[in-house]
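Examination of the molecular architecture
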Amino acid sequence: MLASLLSFLSVIARKFTPESIMSAQRERTFIAVKPDGVQRGLVGEIIKRFEAKGFKLAGMKFMKASEELLKQHYIDLADKPFYPGLCKYMASGPLVAMCWEGTGVVKTARVMMGETRPADSKPGTIRGDFCIEVGRNIIHGSDSIESANKEIALWFRPEELTSWTQANDSWIYESNE
Ligand code: DAT
Ligand code: MG
């Protein structure tokens, strides 16, 4: 009886840590600075825009991705003529894989990135400001919540993602729900 009461209490205690009370996890997306963005020294510029917007970094790694990982990442494009070249370019040098968190982050990140084709991207967007060709468009961002969840699971192990409370959270969000 006492044992079951204690185990019940420990489950409740784990569920309501200060972390979960102060900030329930918001939507997450997968963002990558592609190898051309890294080579061109645009990592800081891209991170700066997401930070300044108010989004919260949940995970980040600087890595050279294998072609196997990239083939899986772009599996929906496997029948496109540019697929082999795309995977090769993405594996050609280090990239920065990131997970960003915030209300509406999947859609907003796509707006911040601009269109797939830099020529169609407005000034003020990342692709609009920093690149010219579709095959060298410097940044990746998940296109839906469903693909964000798939991509985050593909690129990060659970322990590589961190839940934390941003000190300025209540100045970015009106409500903390
Ligand atoms: P996005 O990266 O905007 O989500 P996507 O998922 O349609 O675009 O394609 C993935 C990447 O493939 C894209 O960032 C650049 C490359 N790509 C797309 N269309 C292409 C094309 N017509 N020629 C060459 N590369 C292309
Ligand atoms: Mg895409």
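Above this text you will find the structure in question.
Residues numbered from 1 in each chain as written. Chains lettered and ligands numbered in written order. Predicted model: local features only at pLDDT ≥ 70, side-chain atom pairs only at ≥ 80, totals over all residues. Heavy atoms only, no water.

1. Some words on the sheet that holds strand β3 (residues 95-101)
- With antiparallel pairing, four strands are arranged side by side in an open sheet as β2-β3-β1-β4. Only two strands of the sheet have a single partner each, and these edge strands are β2 (56-63) and β4 (139-141). For this sheet, the mean inter-axis angle between neighbouring strands, taken without regard to orientation, is 15°.
- By the bridge criterion, three bridges tie strand β1 (residues 28-33) to β4 in an arrangement that is antiparallel. By the bridge assignment, Ala 32 is partnered in β4 with His 140. (Pairing = 2+ DSSP bridges. Helix = DSSP H or I, 4+ residues; strand = E, 2+ residues; numbered from the N terminus. Axes fitted to C-alpha atoms, helices over the stretch in contact; angles between N-to-C directions.)

2. Some details on the site of ligand 1
- Within the structure, ligand 1 sits among Lys 34, Tyr 74, Leu 77, Phe 82, Leu 86, Arg 110, Thr 116, Arg 117, Arg 127, Val 134 and Asn 137.
- Between Arg 127 and ligand 1, the recorded distance is 3.0 Å, taken from a side-chain N or O atom to an oxygen atom. (Near = heavy atom within 4 Å. Polar contact = N/O pair within 3.5 Å; in protein donor to acceptor, adjacent residues only side chain to side chain.)

3. Here we look at the pattern of salt bridges
- What the rule picks out here adds up to nine salt bridges.
- Note that Arg 26 is salt-bridged to Asp 169, the shortest N-O span being 2.9 Å. Here Asp 169 lies in helix α10 (residues 169-172) and Arg 26 lies in the loop between α2 (18-22) and β1, a separation of 143 residues in the sequence. (Salt bridge = Lys/Arg side-chain N within 4 Å of Asp/Glu carboxyl O.)

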